[in-house]
Protein chains: 2
Amino acid sequence: MPIIKKTYKDQVVAYVYQLLLDGTLNAGEQIKESHLAEEMGISRAPIREALKELIMNGLVEYRPQVGNFIANMSPKQTIDSYTTRGVLEGFAVMQTYNQFSAEELKKLGNLVSQMEAYATQKNNRMLTNTGGEFHDLLISKSNNVQLLEYTDRLSLKLHTLFNRHWGRLYNSSEIARRHMAIVGSLKQGDPVLIEQVIREHYTETGTKIAELQTANSDHH
Amino acid sequence: MPIIKKTYKDQVVAYVYQLLLDGTLNAGEQIKESHLAEEMGISRAPIREALKELIMNGLVEYRPQVGNFIANMSPKQTIDSYTTRGVLEGFAVMQTYNQFSAEELKKLGNLVSQMEAYATQKNNRMLTNTGGEFHDLLISKSNNVQLLEYTDRLSLKLHTLFNRHWGRLYNSSEIARRHMAIVGSLKQGDPVLIEQVIREHYTETGTKIAELQTANSDHH
DNA sequence: CAAATGACGATTGTCGACAATCGATCATCT
DNA sequence: AGATGATCGATTGTCGACAATCGTCATTTG
């Protein structure tokens, strides 16, 4: 995915993704091709292509002959997606654990501190960004293009989930603890432990968000 | 993905996928939207949608403003894809290892025997099918929809790779040995071993096919 | 002669219009 | 009243035509 968005399709993808993170578009809402087309001043063709991409990344749910809807993720699906990300990232980092310099380990620690600060400030946007930077640095040593493709795609889905539900919690000490455990295992240099810790991190986070989802849907 | 293909798009996907397995379309060849459209008697719109899906599954390579080409997988990419599949499948089976009945374990063993037979007969098509059945049964216990989605998509890519290159080898005893190791670890009931064995199976197979690729490209 | 430049052909990118299909509404029948 | 079936509006599915862009190759230029 290029930085420079040449085609309309890429601009539409970025636009809709932004609406998702903003909360302008809520889960379950329908996205009408014609509306989006008119709104952006282009035809339906590039809109459809963009939606196809969002569908493949799990952000949009598609019902044939009916319409496209903002994906309404079930708690179970949330756990599944987080778990899968943990499996992939755990493997990637396990394979490359000895390629991290002292500087990079320090950088990871700093990022965790920043996340903790943003969490206490309830700065959702920066918390998400910093968290993304943390995990990006973790898997940056892997050169498995297939694995990186999947982790990238999952990031989009997980970010929207995180943004949508985590804002109601912000347990900053918990965030710091979870992430420091990863950095700690890296410093220890035990590949088996590293993989295990990363997997646990994601299953725990996924479970937590799933709980927020059910809690949210309950008092409706 | 429904069995009944209602839209043209799904028919196009199936059609092109068939051409890929047949060997009618070879790696690197260009797929011209207009040609396919005329060939199938439909317009370019559904063709483009189908290509988008094949692109997302890694079967077609897309160069903007230039064209769509049958994905020309490098040996490195082959290894990466097989490795990733091993990571996902290994985790899925590790999590569900104690859900296999004695019958199912026997079925797995039978499938291996069949694969061995098809390999000696050099029946590429049935070997691929039976192998697919074997691995489908292995991951069938997992209910992680995200993980299953990725393994499904990877299957398409790996099948084309397998078909394209494995036909020149057919080491039936090796095939049997690799797959029996998986069944054996399952019978042993050691989750850690199971995950390890499945990962090794895929890295070995991927490496082998990558070697065939380089050998093939060398004497050109 | 090498490298930059320009025009050309082929293919994808986008468009607006029409057809097909689905879900909801309402009338009808039992 | 409840179930059933037809009708209608809205949205996606498909189409053919045109525009934009890229790679190629002949041409120019130093």
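Source: prediction; values computed, not measured. (Residues numbered from 1 in each chain as written. Chains lettered and ligands numbered in written order. Predicted model: local features only at pLDDT ≥ 70, side-chain atom pairs only at ≥ 80, totals over all residues. Heavy atoms only, no water.)

Under the criterion given, the structure shown has 30 salt bridges over all chains. Residue Lys9(A) is joined to Asp10(A) by a salt bridge in which the shortest nitrogen-to-oxygen separation is 3.8 Å. Each member of the pair Lys9(A) and Asp10(A) is classed as buried. Ionic pairing is found between Arg178(A) and Glu204(A), a salt bridge with its closest N-O pair at 2.5 Å. Pair noted here: Arg178(A) is in helix H8 (residues 172-188) and Glu204(A) is in helix H9 (residues 191-218), with a separation of 26 residues, a long-range link. A relative accessible area of 8% means that Arg178(A) is categorised as buried. Taken together, the shared-partner salt bridges connect Glu33(A), Arg44(A), Arg48(A), Lys52(A) and Glu49(B) into one network. (Salt bridge = Lys/Arg side-chain N within 4 Å of Asp/Glu carboxyl O. Buried < 20%, exposed > 50% of the residue type's maximum accessible area, 1.4 Å probe, protein only. Helix = DSSP H or I, 4+ residues; strand = E, 2+ residues; numbered from the N terminus.)

With that out of the way, let us pick up the sheet that holds strand S3 (residues 67-70) of chain B. Strand pairing in a sheet is mediated by backbone hydrogen bonds. Such pairs are either parallel or antiparallel. Residue and element names in this part refer to chain B. Here we have three strands laid out as an open sheet, ordered S1-S3-S2, and antiparallel in their pairing. What marks the edges here is a single partner per strand, and that holds for strand S1 (30-31) and strand S2 (60-63). Here S1 pairs with S3 via two bridges, running antiparallel. Within S3, the position partnered with isoleucine 31 by the bridge is asparagine 68. (Pairing = 2+ DSSP bridges.)

With an axial shift of 0.0 Å and an RMSD of 0.1 Å, the rotation relating chain B to chain A amounts to 180°. As the rotation angle and translation indicate, the two copies are arranged about a two-fold axis. A share of 100% of interface residues in chain B that are also interface residues in chain A marks the association as one of identical surfaces. (Least-squares fit on C-alpha atoms with pLDDT ≥ 70 in both. Contact = heavy atoms within 4.5 Å.)

Moving on: the packing of aromatic side chains. Going through the model one piece at a time under the given rule, you end up with five aromatic pairs over all chains. Taking the centre distance of 6.3 Å and the plane angle of 40° together, the rings of Tyr82(A) and Tyr202(A) count as tilted. Of the two residues, Tyr82(A) is situated in helix H4 (residues 75-96) and Tyr202(A) in helix H9; the sequence distance between them amounts to 120 residues. A residue is classified by how much of its surface remains accessible, and Tyr202(A), at 5% relative accessible area, is buried. Plain terms: the ring middles of Tyr150(A) and Tyr150(B) are 4.0 Å apart, the flat faces sit at 5° to each other, and that makes the pair stacked. Here Tyr150(A) is found in helix H7 (residues 145-165), whereas its partner Tyr150(B) is found in helix H7 (residues 145-165) on a different chain. Just as Tyr150(A) is buried, Tyr150(B) falls in that class too. The ring centre of Phe100(A) lies 5.6 Å from the NZ or CZ of Lys141(A), which sits over that ring. (Phe/Tyr/Trp six-rings, centres within 6.5 Å; stacked < 30°, edge-to-face > 60°. Lys NZ or Arg CZ within 6 Å of the ring centre and 35° of its normal.)

Residues and elements named next belong to chain A. In terms of domains, chain A is made up of domain 1 (8-70) and domain 2 (75-218). Taking both partners together, domain 1 and domain 2 bury about 790 Å²; carbon and sulfur atoms supply 58% of that area. In terms of surface lost to domain 2, no three residues of domain 1 exceed Tyr17, Leu21 and Asn57, which account for 55% of the buried area on that side. On the surface where domain 1 and domain 2 come into contact, there are zero residue pairs in polar contact (both at pLDDT 80 or more). A breakdown of the residues in the side of domain 1 that touches domain 2 according to their chemical character gives six nonpolar, three polar and no charged. (Domains from an automatic or database assignment. Buried area = accessible area lost by both parts, 1.4 Å probe. Polar contact = N/O pair within 3.5 Å; in protein donor to acceptor, adjacent residues only side chain to side chain. Nonpolar A, V, L, I, M, F, W, Y, C, P; charged D, E, K, R; others polar.)

A few words now on the sheet that holds strand S3 (residues 67-70) of chain A. Residue and element names in this part refer to chain A. The strand order across the open sheet formed by three strands is S1-S3-S2, and the pairing between neighbours is antiparallel. With partners counted over all chains shown, the strands left at the sheet margins are strand S1 (30-31) and strand S2 (60-63), one partner each. Relative to S2, helix H3 (residues 44-56) is tilted by about 110°, and along the sheet it contacts S1, S2 and S3. (Axes fitted to C-alpha atoms, helices over the stretch in contact; angles between N-to-C directions.)

Before going further, it helps to spend a moment on the pairing of S2(B). All names here are of chain B. Alignment of S2 against S3, held across four bridges, turns out to be antiparallel. Opposite arginine 63, over in S3, you have glycine 67 as the bridge partner. Between the end of S2 and the start of S3, which pair antiparallel, lie three residues, with glutamine 65 showing a positive phi angle near 65°.

Attention shifts here to the nonpolar core. If you look at the biggest cluster of nonpolar residues, it comprises 80 residues, and the most contacted ones within it are Leu127(A), Phe134(A), Leu108(B), Leu127(B) and Phe134(B). Excluding residues that lie within four positions of it along the chain, Leu108(B) makes contacts with Phe100(B), Phe134(B), Leu137(B), Leu138(B), Val183(B) and Leu186(B). (Core = buried A, V, L, I, M, F, W, Y, C linked by side-chain atoms within 4.5 Å.)

Time to look at the confidence of the model for chain A. The predicted coordinates of low-pLDDT regions are not to be read in fine detail. Per-chain confidence: chain A averages 92 in pLDDT, with 96% of residues scoring 70 or above. Ranking the elements of chain A by mean pLDDT puts H9(A) last, at 92, and H4(A) first, at 98. (pLDDT = per-residue confidence, 0-100.)

All names here are of chain A. By the element assignment, tyrosine 118 lies in helix H5 (residues 102-120). A relative accessible area of 18% places tyrosine 118 in the buried class. Separated by 56 residues in the primary sequence, tyrosine 118 and tyrosine 62 place their C-alpha atoms 35 Å from one another. If near-sequence neighbours (up to four positions away) are discounted, tyrosine 118 is found in contact with Asn123, Met126, Leu127 and Thr130.

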